[in-house]
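What the coordinates show
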Amino acid sequence: MHDIQYYLLKKRAFSGFISRLAKVQPLAAPVRRGEKNYAFELVTSANEISLPYIPTILPPKKYFFPQREVLLEFDTRRGLHAGPVGVAGPMTIFGVHTCDLAGIQCLNMVFSVRPRDHNYLIRKRKITIIGLECNDYCDEHANCALVNASLPSGGYDLFFTDLGDYFIVHVNTQAGDDIIDAVKQFQPAKEANLQDLAALRERKRVVFRNEVALDQRFLPALFDISFDGPVWKDLDERCLACGNCTQVCPTCYCFDIRDELNLDMATGVRYRVWDSCQTEPFAKVAGGENFRKSRLARQRHRYYRKFSYPFAKFFRFFCTGCGRCSRACMAGIKLKETLTSLISQGGEGPWKR
Amino acid sequence: MKRPKTAFFDFACCEGCQLQVANMGDTLLEVMGLIDLVEFREVMSEKWDGDLDIAVIEGSITDLHATERIKAIRKRSKVLIAYGSCATIGGVNGMKNSFDLDEVGDCVYGEGRWFFPTEQTRAIHQVVPVEYAVNGCPVYIPEFLSVLTAALQGIPYAVPDYAVCIECRMNENECLYDRGITCLGPVTRAGCNSWCVNNGNLCYGCRGMVSSPYVKGMKQVLEKHHVPIDFVVNKMDMYNKCRELDRNGR
């Protein structure tokens, strides 16, 4: 790697940068979807890209862990022969916000636990990530400061920060360095540019303040005493169990595995497809027993899967503060409100601030 | 493997779901290689009155004649597949159940209505036992093929018991409620791959409701979006009126 860690990309060179980058390998970036939403899609030019953007409907998780992914092909005529399926080629994702970088970091941990998920890890190895800093909040649903995801902390190859008429670009990996060399639109950052960046970060520390009145260190302790709290009853009254919250979450990784037989009645595929703990049949087992029959138990499970269980296992919250669950909820269940209720119902404790 | 004797029958319906089979394209040739098609009024003239391995039933049961006929078909069929909304949930024919039967008869047949005695609309499973269901108006052909391969293997096919929203989000559609459009996806069974929303339409609930739809919660959502409840009940009843017959206990 070069010694230089920071480069500049002038805004007027941005269009050329995107066009060249898209020629290196397929490039995904945020584009407009519908009237109020955005989605990561493959692009070839800068004018397709929509900046700034609020979190996309689905996080970039879909490129690492696709909604539906064939795991193997089988042929029963060859003595139950089964073989792996080739996984997609290399690609670049441009414009990944810090919340979504955090989401990918969470998934990296989950899928690296043995037995390792090779499909995920192969895709991950082939994806180059270019992050993009949020200078301000996207909207009122975000809670990235609560989970320390409002500032970059790794998980990218290059990281872009908009500083007016130019981007300052942090190089984090060899793959990032390779882009700098291949695209040839960058120039080394000067001391004044780094001061601009430092000034932005200082301003951000004022803008991005913990969105919930609690000390995040004590969140797991708060959850420890809240399992039977009244807040879950309130969610039960409202939740439709539509599953939107889990489908759009950057750290939900549950999937179902199904076999599909072709019409030759001999060959077929085994595939996995995203599943959701919010659906009625998710925790149903043979014999008809359902371990989480009530919406109360299912919503509670979702929150514990973000703030309690992964903290015990990985020492990290699996909420990235992106706000997608609150944005997507039909019933208006808001994560920040749920946490606020937990605090007020939790009584006196170190979590109170 | 001996190809199973298969027949398509229609009751009260538009036959559009059978048309989906006829329109299947190349895949139809593969399907024909799997089954021995002995009766299918829409595409062939031959009839079959013997035993059947698979009977595919389109349409709902709306009069005494249909009741007798479906019972007779059931008796000579090993496997019965309810096919399309009319068959699986009563579908649009169920709207008749919102009215007085005499009134309905008068409206359609006038003075001659005594020649056409009518009954409450029922889905097929409300009259005879059914092994498989292919929901939809019309059916979603990939799902029909999944059900058919399941039937040929003699294994169950589970219709997803969760909302269309699950598939709609996976397809990364913008939620129609974000655009101020009322959609029945949140209470309708998935399995169609959110076919309508993917193509710029909205969900009409043609696949029937999830097994335990949260009615109170849905009302709250509609209130939040200022949608009158009667409007939605009418929308639900367009396909799901026969659901009342399930609730009242068969």
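Definitions and cut-offs
- Residues numbered from 1 in each chain as written.
- Chains lettered and ligands numbered in written order.
- Predicted model: local features only at pLDDT ≥ 70, side-chain atom pairs only at ≥ 80, totals over all residues.
- Heavy atoms only, no water.
- Domains from an automatic or database assignment.
- Contact = heavy atoms within 4.5 Å.
- Buried area = accessible area lost by both parts, 1.4 Å probe.
- Salt bridge = Lys/Arg side-chain N within 4 Å of Asp/Glu carboxyl O.
- Polar contact = N/O pair within 3.5 Å; in protein donor to acceptor, adjacent residues only side chain to side chain.
- Helix = DSSP H or I, 4+ residues; strand = E, 2+ residues; numbered from the N terminus.
- Nonpolar A, V, L, I, M, F, W, Y, C, P; charged D, E, K, R; others polar.
- Phe/Tyr/Trp six-rings, centres within 6.5 Å; stacked < 30°, edge-to-face > 60°.
- Buried < 20%, exposed > 50% of the residue type's maximum accessible area, 1.4 Å probe, protein only.
- Lys NZ or Arg CZ within 6 Å of the ring centre and 35° of its normal.
- Arc of directions from axis to C-beta.
- Pairing = 2+ DSSP bridges.
- Axes fitted to C-alpha atoms, helices over the stretch in contact; angles between N-to-C directions.
- Core = buried A, V, L, I, M, F, W, Y, C linked by side-chain atoms within 4.5 Å.

1. Structural notes on the domain arrangement of chain A
Residues and elements named next belong to chain A. Taken domain by domain, chain A holds domain 1 (6-65 + 87-207) and domain 2 (216-256 + 278-345). Here the C-alpha centre of domain 2 lies 28 Å away from the C-alpha centre of domain 1. Taken together, the 33 residues of domain 1 in the interface contact 29 residues of domain 2. Between domain 1 and domain 2, a total of about 2,400 Å² is buried, with carbon and sulfur atoms accounting for 64% of that surface. Where domain 1 meets domain 2, there are 2 salt bridges. Here Arg 327 makes a salt bridge to Asp 139, at a shortest N to O gap of 2.7 Å. The interface formed by domain 1 and domain 2 holds 10 residue pairs in polar contact (both at pLDDT 80 or more) in total. With 10 residues, the top contributor of residues to the side of domain 1 that touches domain 2 is helix 3 (residues 98-112). The residue makeup of the side of domain 1 that touches domain 2, split by class, is 22 nonpolar, 6 polar and 5 charged.

2. Some remarks on the environment of Cys 13 of chain B
Residue and element names in this part refer to chain B. Its place among the elements puts Cys 13 in the loop between strand 1 (5-10) and helix 1 (16-22). For the pair Cys 13 and Asn 135, spaced 122 residues apart in sequence, the C-alpha to C-alpha distance is 14 Å. With near-sequence residues (within four places) excluded, Cys 13 lies in contact with Glu 58, Gly 59, Cys 86 and Asn 93.

3. So, the packing of aromatic side chains
As enumerated under the stated definition, the model contains 37 aromatic pairs over all chains in all. Each ring, one from Phe 111 of chain A and one from Tyr 120 of chain A, has its centre 4.5 Å from the other, and the planes form 25°; the classification is stacked. Taking the relative accessible area as the measure of exposure, Phe 111 of chain A reaches 4% and is therefore buried. Judged by its relative accessible area of 0%, Tyr 120 of chain A falls in the buried class. Summarising the aromatic geometry, the rings of Trp 232 of chain A and Tyr 304 of chain A are spaced 5.9 Å apart at their centres and angled 55° between planes, so their arrangement reads as tilted. In this pair, Trp 232 of chain A sits in helix 8 (residues 231-238) while Tyr 304 of chain A sits in helix 10 (residues 295-307), placing the two residues 72 residues apart along the sequence. Between the NZ or CZ atom of Arg 68 of chain A and the centre of the ring of Tyr 271 of chain A, over which it lies, the distance is 3.8 Å. Of note, Arg 113 of chain B hangs over the ring of Trp 114 of chain B, and the distance from its end group to the ring centre comes to 3.9 Å.

4. A closer look at helix 1 (residues 14-24) of chain A
For helix 1 of chain A, every residue scored as buried is listed here: Phe 14, Phe 17, Ile 18, Leu 21 and Ala 22 of chain A. Taken end-on, helix 1 of chain A shows its buried residues confined to a sector of 125°, consistent with a single buried face.

5. Focus on unusual backbone geometry
What you tend to see is this: most non-glycine residues have negative phi, and most peptide bonds are trans. Geometrically, the link from Leu 51 of chain A to Pro 52 of chain A is a cis peptide bond, its omega value of -10° lying close to zero. Checked against the element boundaries, Pro 52 of chain A lands in the loop between strand 3 (37-43) and helix 2 (61-64). Here the amide bond leading from Cys 137 of chain B into Pro 138 of chain B is cis, since omega sits at 0°, within 30 degrees of zero. As for its placement among the helices and strands, Pro 138 of chain B is situated in the loop between strand 5 (132-134) and helix 6 (141-153). Unlike most non-glycine residues, Phe 315 of chain A shows phi in positive territory, near 55°. If you trace the backbone, Phe 315 of chain A turns up in the loop between helix 11 (309-314) and helix 12 (324-328). What makes Phe 315 of chain A exposed here is its relative accessible area of 67%. A positive phi angle, near 45°, is found at Ser 194 of chain B, a position not held by glycine. Mapped onto the elements, Ser 194 of chain B comes out in the loop between helix 7 (164-170) and helix 8 (195-198).

6. Quick notes on the domain arrangement of chain B
Residue and element names in this part refer to chain B. Annotation of chain B at the domain level lists domain 1 (5-153) and domain 2 (164-247). Once you take the C-alpha centre of each, domain 1 and domain 2 turn out to be 24 Å apart. Facing 22 residues of domain 1, the contacting portion of domain 2 comprises 16 residues. With both chains or domains summed, domain 1 and domain 2 bury close to 1,600 Å², and 57% of this area falls on carbon and sulfur atoms.

7. Points about the sheet that holds strand 3 (residues 52-58) of chain B
Residues and elements named next belong to chain B. If you trace the 5 strands from one edge of the open sheet to the other, you get 2-1-3-4-5, paired in parallel fashion. Edge positions in the open sheet fall to strand 2 (36-40) and strand 5, since each of these has one partner strand only. Between one strand and the next, the sheet's axes are offset by a mean angle of 20°, whatever the strand orientation. Bridge analysis of strand 1 against strand 3 gives 5 bridges, and the strand direction is parallel. Its bridge partner lying in strand 3, Asp 10 is registered against Glu 58.

8. Some details on the nonpolar core
The nonpolar side chains of a soluble globular protein tend to be buried, and buried together. Among the nonpolar cores identified, the biggest contains 61 residues, and Leu 9, Phe 17, Ile 93, Phe 94, Phe 160 and Phe 186 of chain A are the most heavily contacted of them. Residue contributions to this core peak at 6 residues, all from helix 3 of chain A. Those residues within four positions of Phe 160 of chain A in sequence are excluded, and the remaining contacts are Leu 9, Phe 17, Phe 94, Ile 130, Gly 131, Leu 132, Glu 133, Phe 167, Ile 168, Val 169 and Phe 186 of chain A. Formed by 60 residues, the second largest nonpolar core is a distinct cluster that contains Tyr 303, Phe 307 and Ala 331 of chain A together with Cys 175 of chain B.

9. Focus: the environment of Phe 14 of chain A
All names here are of chain A. Mapping Phe 14 onto the fold places it in helix 1. For the pair formed by Phe 14 and Trp 351, sequence separation is 337 residues and the distance between their alpha carbons is 45 Å. Contacts of Phe 14, omitting those with residues within four sequence positions, involve Leu 9, Ala 46, Leu 51, Phe 94 and Phe 167.

10. What about the interface of chain B and chain A?
Tallying the contact residues gives 32 residues for chain B and 39 residues for chain A. Its largest share of buried area at the contact with chain A, chain B owes to Met 170, Glu 172 and Tyr 214 of chain B, together 26% of the area lost on that side. For the interface between chain B and chain A, the tally reads 3 salt bridges. Put simply, Glu 172 of chain B and Lys 62 of chain A hold a salt bridge, and the shortest N to O gap is 2.6 Å.

11. Some details on the pattern of salt bridges
A side chain of one charge can pair with a side chain of the opposite charge if their charged atoms are brought near each other. On inspection of all chains with the given rule, the structure shows 36 salt bridges over all chains. The salt bridge involving Arg 77 of chain A is made with Asp 75 of chain A; its shortest N-O contact spans 3.3 Å. Classification of Arg 77 of chain A by relative accessible area gives exposed; the value is 60%. You can call Asp 75 of chain A buried: its relative accessible area is 11%. Two residues, Glu 15 of chain B and Arg 41 of chain B, come together in a salt bridge whose shortest N-O distance is 2.2 Å. Of this pair, Glu 15 of chain B sits in the loop between strand 1 and helix 1 while Arg 41 of chain B is found in the loop between strand 2 and strand 3, placing the two residues 26 residues apart along the sequence. Classification of Arg 41 of chain B as partly exposed rests on a relative accessible area of 46%. When salt bridges with common partners are traced through the structure, they connect Glu 69, Asp 117, Arg 123 and Arg 272 of chain A into a single cluster.

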